[in-house]
Amino acid sequence: MTGAVPEDRVGTDAERLEQARGVVRGERPAEGSGNVVYAAYVAVIASLTYGVPAARAFFLFVDPAWLSRHLTGVQGVLVVGGAVVALVLLAHRLGSLRGPVVPDLPYLDHVATSPLDRALVLRRWWRLSLLGCLFGGLLAGAVTGTGMLVAAVASPMVLLPTSVAGLLVGLAVAGAWLWGQVRSWPTGPRGPSTVLRERTSLRVLHHVALRTQSARAVTMGGAVLAGDLRAARLDVAAPGTRLRRTRLKGRGPVAVMAARDLLGLRRSPGVALTGLVLAGAGSWALAHATAPGVPSIVAFAGVLGCYLGYGAWCEGLRLQGDNAGTPALLGLPARVEALAHLVTPSALYAVVALAAGGAVTATSDAGATAAWWPLAMVPLLAGCQLLAAFRGLPPVTLFSPGSAVFAVAFWYSRPLLLALVTGVGATAVLTRAGAGNAVPLLFLGAYAAVLFGRRRVRLLDEAHRV
């Protein structure tokens, strides 16, 4: 239903919609705005308790003089603009998987398929999502400004621009999120003009797409509660349709595994590009972090980007971990096959790291160490990704009352924490004591990651054997 709806019809549809909601709800009490107000209250309390102290610690930890010297002018605009663009693109991508308008399945099957105005039927879910994005952006901007004020790096006047900027970013995220959901269906109006009008966007949402996203939300919610990220990942994975007729050539077992992973990245250019951007930005930050006086937060961001970029290229390794215990197609032992899956991401990362390190060395005063330090992270990243792919499901003992969320989160974040602690620590030692002390520390962290990763490969493979 895409045409204009008369005003008298709108009133009639509203009455019918209220009656239909009562039928679907049954004996349950009507859902009011109490839950929304309570969620906003909890968000404000959490921001005051954790957000403001964290923002203050960040601005105290990072040298204000360094921030003003490197993040003002054109560089600051590029960094902030890049972060906002990345956030908007992420929201657009999220809209194709789980958009802002996702009613329950009974409501979709019995109310959304009726002759009622689709915009009126779906308006409540969209307005709640829009309000959440606006409130979240406003809260993030206010927390950032308050942290700057408490840390004494800005005047109280900073609260107004940061709050307004956060509100605008929240509005942009909400619009991109809805547009991503609109474009998830291949037919019908899909242009940017649909985002400018609320009713038009809601009317072009296809019932089949809404039902798919609603069912996916239920599946992913259950997978997250059970701590099974494999089920969630398989549910959101898009089927590959590119290069389906391309075949691998005859090579040795290890070379075939590497070529297979490379072909998988060619069939998923979006994943390959994401890894390239993240690894490139991370290597660039790591190269800059080798210069004296650069805050450790730059090394933290660099290691995080390198870890995520390298991990984006490790889908073959994760697939082996998901299917641990099954017979190997090429007869390779599980540990050898796992190491073979690290060849392609390591080679790609090495090329990106050398290019980024060389560019930083040529365009700044970071020194020759910047050219090879991002490349030295290859063993650490490979070991941490090996550990991440074969960590398996969390033990049942972690699901204890009161600490299950934090315990499961720590279980899944161990590889990332190991990479961050080792990478940032080694970079700090490099800038203060030289490469002679930093390289052994980096080697020890990489050795521990590879050792524990190979142990997890063996344990997971033996646990799934019949």
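On a predicted model such as this, the values are computed, not experimentally measured, just so you know.

Reading the values: rules and limits
Residues numbered from 1 in each chain as written. Predicted model: local features only at pLDDT ≥ 70, side-chain atom pairs only at ≥ 80, totals over all residues. Heavy atoms only, no water. Helix = DSSP H or I, 4+ residues; strand = E, 2+ residues; numbered from the N terminus. Buried < 20%, exposed > 50% of the residue type's maximum accessible area, 1.4 Å probe, protein only. Contact = heavy atoms within 4.5 Å. Areas by Shrake-Rupley, 256 points an atom, 1.4 Å probe, with all protein chains shown as cover. pLDDT = per-residue confidence, 0-100. Phe/Tyr/Trp six-rings, centres within 6.5 Å; stacked < 30°, edge-to-face > 60°. Polar contact = N/O pair within 3.5 Å; in protein donor to acceptor, adjacent residues only side chain to side chain. Core = buried A, V, L, I, M, F, W, Y, C linked by side-chain atoms within 4.5 Å. Axes fitted to C-alpha atoms, helices over the stretch in contact; angles between N-to-C directions. Nonpolar A, V, L, I, M, F, W, Y, C, P; charged D, E, K, R; others polar. Parallel < 35°, antiparallel > 145°, perpendicular 65-115°, else oblique. Left-handed = near helix turned anticlockwise from the far one by under 90°. Patch = residues over 30% accessible without salt bridge, like charges linked within 9 Å, V, L, I, M, F, W, Y side chains within 5 Å. Salt bridge = Lys/Arg side-chain N within 4 Å of Asp/Glu carboxyl O. Arc of directions from axis to C-beta. Expected span 1.5 Å × (residues − 1).

Caption draft 1: Region of the structure containing the overall build of the protein chain. Assigned secondary structure in the protein chain consists of 21 helices and zero strands. Within the span of the protein chain, comprising 466 residues, buried residues form 36% of the whole. For the protein chain, contacts bridging at least 24 residues in sequence account for 75% of all contacts bridging at least 6. Carbon and sulfur atoms provide 68% of the accessible area of the protein chain, an area that totals close to 25000 Å².

Caption draft 2: Region of the structure containing the confidence of the model for the protein chain. In this model, the protein chain carries a mean pLDDT of 82, and residues with pLDDT of at least 70 account for 86%. Mean pLDDT in the protein chain bottoms out at helix H1 (residues 7–25), which sits at 61, and peaks at helix H19 (residues 378–389), which reaches 93. Under a pLDDT of 50 for its full length, residues 1–5 has, in the predicted model, 10 contacts with residues more than four places off or in other chains.

Caption draft 3: How the structure looks around the packing of aromatic side chains. Overall, the coordinates contain five aromatic pairs when judged by the stated rule. Summarising the aromatic geometry, the rings of Phe 58 and Phe 59 are spaced 5.1 Å apart at their centres and angled 75° between planes, so their arrangement reads as edge-to-face. For Phe 58, a relative accessible area of 33% translates into the label partly exposed. Judged by its relative accessible area of 11%, Phe 59 is buried. Here Trp 372 and Trp 373 contribute two aromatic rings whose centre-to-centre distance is 5.7 Å and whose plane-to-plane angle is 75°, an arrangement assigned as edge-to-face.

Caption draft 4: Highlighting the side chain of Thr 162. Assignment of secondary structure puts Thr 162 in helix H7 (residues 159–182). For Thr 162, a relative accessible area of 16% puts it in the buried group. A distance of 3.2 Å separates a polar side-chain atom of Thr 162 from the backbone oxygen of Gly 141. One polar contact links the side chain of Thr 162 to the main-chain carbonyl oxygen of Leu 159, over a distance of 3.1 Å. If sequence neighbours within four positions are ignored, Thr 162 has contacts with Gly 141 and Gly 145.

Caption draft 5: Spatial organisation of the nonpolar core. Ranked by size, the top nonpolar core spans 38 residues in total, and within it Tyr 310, Leu 317, Tyr 349, Trp 373, Met 377, Leu 381 and Phe 390 carry the most contacts. At the level of elements, helix H13 (269–289), helix H14 (296–312), helix H17 (343–363), H19, helix H20 (404–433) and helix H21 (435–463) are the ones that each hand at least two residues to this core. Take this core: its biggest share by element is eight residues, from H19. In terms of nonpolar packing, the next biggest core, distinct from the first, is built from 23 residues, Leu 122, Trp 125, Ala 174 and Val 204 among them.

Caption draft 6: Examining the packing of helix H12 (residues 253–267) against H17 more closely. Two numbers describe how H12 lies on H17: the axes approach to 8 Å, and their chain directions differ by 65°. Residue-level inspection shows Val 254, Ala 258, Asp 261, Leu 262 and Leu 265 of H12 in contact with H17, the latter providing Val 343, Thr 344 and Leu 348. By residue class, the composition of the contact of H12 with H17 is six nonpolar, one polar and one charged.

Caption draft 7: Examining the environment of Leu 229 more closely. Structurally, Leu 229 is set in helix H11 (residues 229–236). Sequence-wise, Leu 229 and Leu 393 are 164 residues apart; in three dimensions their C-alpha atoms are separated by 8.3 Å.

Caption draft 8: Layout of the packing of H14 against H19. Closest axis-to-axis distance for the H14/H19 pair is 10 Å, and the angle between their directions is 60°. Between H14 and H19, the crossing angle belongs to the class labelled oblique. As for how H14 packs across H19, the hand of that crossing is right-handed. Residues Cys 306, Tyr 307, Tyr 310 and Gly 311 of H14 touch H19, and the partners they reach there are Leu 381, Ala 382, Cys 384, Gln 385 and Ala 388. Tallied by class, residues from the contact of H14 with H19 come to seven nonpolar, two polar and no charged.

Caption draft 9: Focus on a nonpolar patch on the surface. On the surface, Tyr 38, Tyr 41, Val 42 and Ile 45 cluster together to form a nonpolar patch covering roughly 430 Å² of accessible area. Turning to its location among the elements, Tyr 41 is positioned in helix H2 (residues 34–61). Residue Tyr 41 is classed as exposed on the basis of its relative accessible area, which comes to 51%.

Caption draft 10: Here's a closer look at the pattern of salt bridges. In this structure the tally under the stated criterion is two salt bridges. With a closest N to O distance of 3.3 Å, Arg 260 and Asp 261 form a salt bridge.

Caption draft 11: Representation of helix H5 (residues 105–112) in the model. Every buried residue belonging to H5 is among Tyr 107, Leu 108, Val 111 and Ala 112, and all of these are buried. End-on, the buried residues of H5 take up no more than an arc of 105°, which puts them together on one face.

Caption draft 12: Representation of the environment of Ala 112 within the structure. Looking at where Ala 112 falls in the secondary structure, it is placed in helix H5. Its relative accessible area of 2% is what places Ala 112 among the buried residues. With 98 residues separating them along the chain, Ala 112 and Leu 210 place their C-alpha atoms 9.6 Å apart. Those residues within four positions of Ala 112 in sequence are excluded, and the remaining contacts are Tyr 107, Arg 118, Val 121 and His 207.

Caption draft 13: View of the side chain of His 207. Examined against the element boundaries, His 207 turns out to sit in helix H10 (residues 207–226). Apart from the residues lying within four places of it in its own chain, the contact partners of His 207 are Leu 108, Asp 109, Ala 112, Thr 113 and Arg 118.

Caption draft 14: H21, seen in detail. Taking 1.5 Å of rise per residue, the 29 residues of H21 would be expected to cover 42 Å, and the 41 Å separating its terminal C-alpha atoms lies within 8% of that figure. Residues of H21 that are buried include every one of Ala 438, Leu 442, Gly 445, Ala 446, Ala 449, Gly 453, Arg 456, Val 457, Leu 460 and Asp 461, and no others.

Caption draft 15: Local environment of the environment of Val 195. Position of Val 195 relative to the elements: it lies in helix H8 (residues 193–196). In this structure Val 195 comes out as partly exposed when scored by relative accessible area, which is 25%. Residues Val 195 and Val 182, spaced 13 residues apart in sequence, show a C-alpha to C-alpha distance of 8.7 Å. Discounting residues that sit within four places of it in the chain, Val 195 has contacts with Gly 175, Trp 179 and Ser 201.

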